[in-house]
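Letter by letter, the chains look like this.
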Amino acid sequence: MNSMFPILFIFTIGIQAGPGFIDSFKSKGRDLAILTIILVLSAGLITWISAKSLNIDPASATGLLAGALTSTPGLASAIEATDELSSIGYGIAYPFGVIGVILFVKLLPKLMRA
């Protein structure tokens, strides 16, 4: 019974967003997939370079990466692999990841003059 409400919530969101998602995926799916791969690889490379140059331990660096990408599933995987040390890095980077997305969404249309 406790899981019924989240299931209904996800179902209604899926029904509402489904048709638009499929159309968007058909028209821009390849470009979005390439952009996602570039984003994740560049974030991983920047994290690796930063961790090596600043002597950050791998567990904290993994948390920083998950937080910067605002990836809670990434944090769960990192915690499972590193015994909770990743949550410190996640807590530090997450606010910057959220603020970065907000600023990007607000400033990109102005920069692109759209």
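Above this note sits the structure.
A brief report on the enclosed structure follows.

Thresholds applied
- Residues numbered from 1 in each chain as written.
- Predicted model: local features only at pLDDT ≥ 70, side-chain atom pairs only at ≥ 80, totals over all residues.
- Heavy atoms only, no water.
- Helix = DSSP H or I, 4+ residues; strand = E, 2+ residues; numbered from the N terminus.
- Rg over C-alpha atoms; globule rule 2.2 N^0.38 Å.
- Buried < 20%, exposed > 50% of the residue type's maximum accessible area, 1.4 Å probe, protein only.
- Contact = heavy atoms within 4.5 Å.
- Areas by Shrake-Rupley, 256 points an atom, 1.4 Å probe, with all protein chains shown as cover.
- Lys, Arg positive; Asp, Glu negative; His and termini not counted.
- Charge placed at Lys NZ, Arg CZ, Asp CG, Glu CD.
- Axes fitted to C-alpha atoms, helices over the stretch in contact; angles between N-to-C directions.
- Parallel < 35°, antiparallel > 145°, perpendicular 65-115°, else oblique.

## Regarding the overall build of the protein chain
Along the backbone of the protein chain there are 4 helices and 0 strands. Ordered by position from N to C terminus, the α and β elements of the protein chain give α-α-α-α. Its C-alpha atoms give the protein chain a radius of gyration of 18 Å, clearly above 13 Å, the size a compact globule of 114 residues would have. When the backbone C-alpha atoms are referred to their principal axes, the protein chain occupies close to 50 × 45 × 25 Å. Every one of the 114 residues in the protein chain was classed for burial, and the buried ones make up 16%. The long-range share in the protein chain, meaning contacts at least 24 apart out of those at least 6 apart in sequence, stands at 49%. Of the roughly 9100 Å² of accessible surface on the protein chain, 74% is carried by carbon and sulfur atoms. Charge centroids of the protein chain, computed over 7 positive and 6 negative side chains, lie 21 Å from each other.

## A look at the packing of helix α3 (residues 72-82) against helix α4 (residues 86-112)
Two elements in contact, α3 and α4, have axes whose closest approach is 9 Å; the angle formed by their N-to-C orientations is 155°. As the angle between them shows, α3 and α4 are arranged roughly antiparallel. Across from Thr72, Leu75, Ala78, Ile79 and Thr82 in α3, the residues of α4 making contact are Ser86, Ser87 and Tyr90.

All quantities given are derived from atomic positions and should not be read as evidence of function.
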